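# Close look at the chain arrangement
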Amino acid sequence: MRERFYILILLLVVFLMLSPSIRYDFTNWDDRGLVLGNSVIRSLSPSNIARMFTPRAGGTYQPVRLLSYAIDYKLAGYSQWIYHLHNILLYLLNILLVYLILSHFFDRKYASIGAFLFGFLPVHIESVVWVAARKEVLSGLFFFLAIYLYILFRKEKNGWFFVLSIISSFLAILSKPSTIVLPGMLFLYDVALSERKFSRTNFILYIPYLFPAILAGVYFILLAGTQSSFHTGGFIQTFFLEFYIAARYILNLVFPYHLLPRYIVSAPVSFLDWRIIFGIVFAIVSIYLLLFTYKKNRKFFFALGWFYVGLIPVFNIVPISTLMADRYIYISSFAYPFALCVLLGRSKGLRRFVYPVFGLLLVWYAFSFVRMEKVWRNSESLWSYVISVDPDHPLAHNNLGMVYVEEKKYELAIPHFKAALKSMPKYKSAFTNLSGAYLESGRYSEAIFWGEKAMHLFPDDPKIIFNLGNAYARAGEPEKAIPLYRKLLEMKPNDVDVLVNLGIVYTYAGDWEKAAAHFQRMLDSGMKDEVVYLNLASAYYKTGELDKAIGYFSEFLRLYPDSPDAPQVRKNVKLLKSMTDESKR
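The structure contained in this document is the topic of the report that follows. (Residues numbered from 1 in each chain as written. Predicted model: local features only at pLDDT ≥ 70, side-chain atom pairs only at ≥ 80, totals over all residues. Heavy atoms only, no water.)

## Focus on the nonpolar core
- Counting 209 residues, the largest nonpolar core has Tyr91, Phe143, Phe144, Trp306 and Phe338 as its most contacted members.
- In contact with Trp306, other than residues within four places in its own chain, are Phe143, Phe144, Ile147, Met185, Leu188, Ile331, Ser332, Phe334 and Ala335. (Core = buried A, V, L, I, M, F, W, Y, C linked by side-chain atoms within 4.5 Å. Buried < 20%, exposed > 50% of the residue type's maximum accessible area, 1.4 Å probe, protein only. Contact = heavy atoms within 4.5 Å.)

## Considering the pattern of salt bridges
- Counted under the stated rule, the structure contains 15 salt bridges.
- Notably, a salt bridge pairs Asp72 with Arg134, separated by 2.8 Å at the nearest N-O pair. Taken as a pair, Asp72 in helix H4 (residues 63–76) and Arg134 in helix H8 (residues 134–156) lie far apart in primary sequence, 62 residues in all.
- The buried category is assigned to Asp72, whose relative accessible area is 1%.
- Among the ionic contacts, a cluster of salt bridges with common partners joins Glu411, Arg443 and Glu446. (Salt bridge = Lys/Arg side-chain N within 4 Å of Asp/Glu carboxyl O. Helix = DSSP H or I, 4+ residues; strand = E, 2+ residues; numbered from the N terminus.)

## A look at the layout of surface pockets
- Considering only enclosed or pocket space, the second largest pocket measures out at about 720 Å³ in volume.
- In this structure, the second largest pocket is lined by 27 residues; those nearest its centre are Ile250, Val254, Tyr336, Ala339 and Leu343.
- For the lining of the second largest pocket, the secondary structure elements donating two or more residues are helix H12 (235–254), helix H13 (274–296), helix H14 (298–311), helix H15 (335–344) and helix H16 (348–375).
- Classifying every residue of the lining of the second largest pocket by side-chain character gives 25 nonpolar, 2 polar and no charged. (1 Å grid on protein atoms, 1.4 Å probe; cavity = no way out; pocket = protein on both sides within 12 Å on 5 of 7 lines; lining within 4 Å. Points joined across faces, edges and corners; volume = space filled by probe spheres on them. Nonpolar A, V, L, I, M, F, W, Y, C, P; charged D, E, K, R; others polar.)

## Some details on empty space enclosed by the protein
- For the structure on display, the rule yields 2 cavities of 30 Å³ or more.
- What the largest cavity holds in volume is close to 110 Å³.
- What lines the largest cavity is a set of 13 residues, among which Lys176, Ser178, Gly310, Tyr328 and Ile331 lie closest to the centre.
- Sorting elements by how many residues they give to the lining of the largest cavity places H8 first, with 3 residues.
- Within this model, the second largest cavity holds a volume of roughly 70 Å³.

## What to know about the side chain of Lys176
- By secondary structure assignment, the location of Lys176 is in the loop between helix H9 (159–175) and helix H10 (182–192).
- Here Lys176 falls in the buried class, since its relative accessible area comes to 10%.
- Apart from residues lying up to four places away in sequence, Lys176 is in contact with Gln62, Lys135, Glu136, Ser139 and Arg327.

## Overview of the side chain of Ser381
- On the secondary structure map, Ser381 appears in helix H17 (residues 379–389).
- Exposure remark for Ser381: the relative accessible area of 13% places this residue in the buried category.
- Within polar-contact distance, the side chain of Ser381 engages the backbone nitrogen of Arg377 at 3.4 Å.
- Residue contacts for Ser381: discarding those within four places in its chain leaves Lys374, Val375 and Trp376. (Polar contact = N/O pair within 3.5 Å; in protein donor to acceptor, adjacent residues only side chain to side chain.)

## Some remarks on the packing of aromatic side chains
- Scanning the entire structure with this criterion turns up 55 aromatic pairs.
- Seen in terms of ring centroids, Phe431 and Trp450 are 6.2 Å apart; in terms of plane orientation they differ by 45°. Their pairing is tilted. Within this pair, whereas Phe431 is found in helix H20 (residues 428–440), its partner Trp450 is found in helix H21 (residues 444–457), the two being separated by 19 residues in sequence.
- You can call Phe431 buried: its relative accessible area is 3%.
- On the basis of relative accessible area, Trp450 is assigned to the buried category, the value being 15%.
- Geometrically, the ring pair formed by Tyr533 and Tyr552 is tilted, given 6.4 Å between the ring centres and 45° between the ring planes. Note that Tyr533 is positioned in helix H26 (residues 530–542) and Tyr552 in helix H27 (residues 546–559), a separation of 19 residues in sequence.
- A residue is classified by how much of its surface remains accessible, and Tyr533, at 3% relative accessible area, is buried. (Phe/Tyr/Trp six-rings, centres within 6.5 Å; stacked < 30°, edge-to-face > 60°.)

## Focus: H9
- Along its 17 residues, H9 runs 25 Å from first to last C-alpha, staying within 8% of the 24 Å computed at 1.5 Å per residue.
- Here H9 starts with a cap whose side-chain oxygen sits 2.9 Å from the backbone nitrogen of Trp160, and that cap is Asn158. (Expected span 1.5 Å × (residues − 1).)

## What about a nonpolar patch on the surface?
- A contiguous nonpolar patch, built from Ile277, Val281, Val285, Tyr288, Leu289 and Phe292 and spanning about 530 Å² of accessible area, is present on the exposed surface.
- Note on placement: Leu289 falls in helix H13.
- Overall, Leu289 belongs to the partly exposed group, its relative accessible area being 36%. (Patch = residues over 30% accessible without salt bridge, like charges linked within 9 Å, V, L, I, M, F, W, Y side chains within 5 Å. Areas by Shrake-Rupley, 256 points an atom, 1.4 Å probe, with all protein chains shown as cover.)

## Focus on the environment of Arg443
- Looking at where Arg443 falls in the secondary structure, it is placed in the loop between H20 and H21.
- For the pair Arg443 and Arg474, spaced 31 residues apart in sequence, the C-alpha to C-alpha distance is 9.8 Å.
- With near-sequence residues (within four places) excluded, Arg443 lies in contact with Glu411, Ile414 and Tyr438.
- Side-chain polar atoms of Arg443 contact the side chain of Glu446, separated by 3.2 Å.

## Overview of unusual backbone geometry
- Even without glycine at this site, Asp30 takes up a positive phi of about 75°.
- Structurally, Asp30 is set in the loop between helix H1 (2–18) and helix H2 (31–36).
- For Lys408, which is not glycine, the phi torsion reads 60° and is therefore positive.
- Here Lys408 shows up in the loop between helix H18 (394–406) and helix H19 (410–423).
- The class of Lys408 is exposed, set by a relative accessible area of 61%.

## Observations regarding the environment of Ala481
- Positionally, Ala481 belongs in helix H23 (residues 478–491).
- Judged by relative accessible area, Ala481 falls into the buried class, the value being 0%.
- In sequence terms Ala481 and Asp390 are 91 residues apart; their C-alpha atoms lie 39 Å from each other.
- Here Ala481 is in contact with Gly469, Tyr472, Ala473 and Val505, once residues within four sequence places are set aside.

Okay, here's the thing in structure tokens:
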């Protein structure tokens, strides 16, 4: 009973430590695309839920995560508190399941200590406080639940536990595909920890878990748009680089100093790179430890095996976009509290050493946990922190620049975009944002300079072409803007923004008849938009066709009576009508 009381205290303490995040903003790093700009989460109708569960080529397949966001939206719309609270509650359930799993193998006192460690790990902050990382705690819930139910099934021979474990494993995969490693974890358990002797018939039990895992793996490789090449240019180099990264993960777990939401790992140029050599040595040491612990201590073998099996999906065996991120070790991090419990279960002499060391570490983890949680207050605090740790971090500079752009602080934004390009000279997004910042601040010559540099590197990128076209147009060079807009229309013939800007450029060139004809074609093709009506009416006014101008201004007022432009349009209509009356006299 005492241990259960400790777990309740742990859950309460973790909740209180994370509770400030309930008030935190969404970040400008994936939160907007997954939540704020995602129309799929705005309905829980059967047809929309079916849409969530329909796979799309080139996109990730995580429908349970989408469904969880849709539930949040139904409850509180885009109020950020509900999304953060949901993440926290999922994390608390993860901690509880970790305790229940550990209690099957260790004294409950040690299991509660292991749960405390898991709950306070600073590397988990990203997975809990970042709304876009919902998949980590959501898939973790179903993953740990599947493991726990499987253990119950193997111990109590109750088939319902087996069925529920399979269902939970399927939900884990639908929350995050990397949980396809679950059959490997079950194999580890049966080989290392199960009270039943392992036999070939055990493999029959894995089939219901393997089938959806194989389907998810095939989908990920063939349809989800994986990276086309390895970061280092070759499989072998990348493979051993990942062992170097695995060592860094262990360091981050045990000594969480200067954690980052995104680590920049430069690609080694050859096998003589010290990280490759270190990776080879670490791989050999890891294999030796696996073999040694399998013979000497199966629980240590299980912990080490769990860590590496959990890393398989992010080991770049199949190339993925990111080499290293702390959220990648969320499942693998269970190995740490498990290993601690193994140490605590050893001799009393060893416990006398482990307890004080662990106590000091736990205090450090708690302070680091709170400190890292505050980093995620908003986008500005997040990226400012990253730059304080890594001054040359291109993503941090680019995203912090976007924070200032949204606040219209262009003079603060521009140096960050330049810093991003200094670190990563072919950073497409930074080029686009830099030229856009110069454009919005009215510095058209600089916008053109950076836009032309970007066009040289990325001649077919629509955003870069669009920005450069806008810069030419505003700088009074319509003859250079028009070919760019036409090039864009070859890529996207019905892009309203491009069509509108092309028409406006005709007005800059003083060709009002061409502008009128252009906007009229847009309207006739069904592109009804406020801007189209306004520009069409203005163009007809300039060509002297006052009746048509009055007609389209009047149609604008009928369709958009509450538009901010409506008062001025009413004045225009009144003026034009007086002009036509005078001409008839």
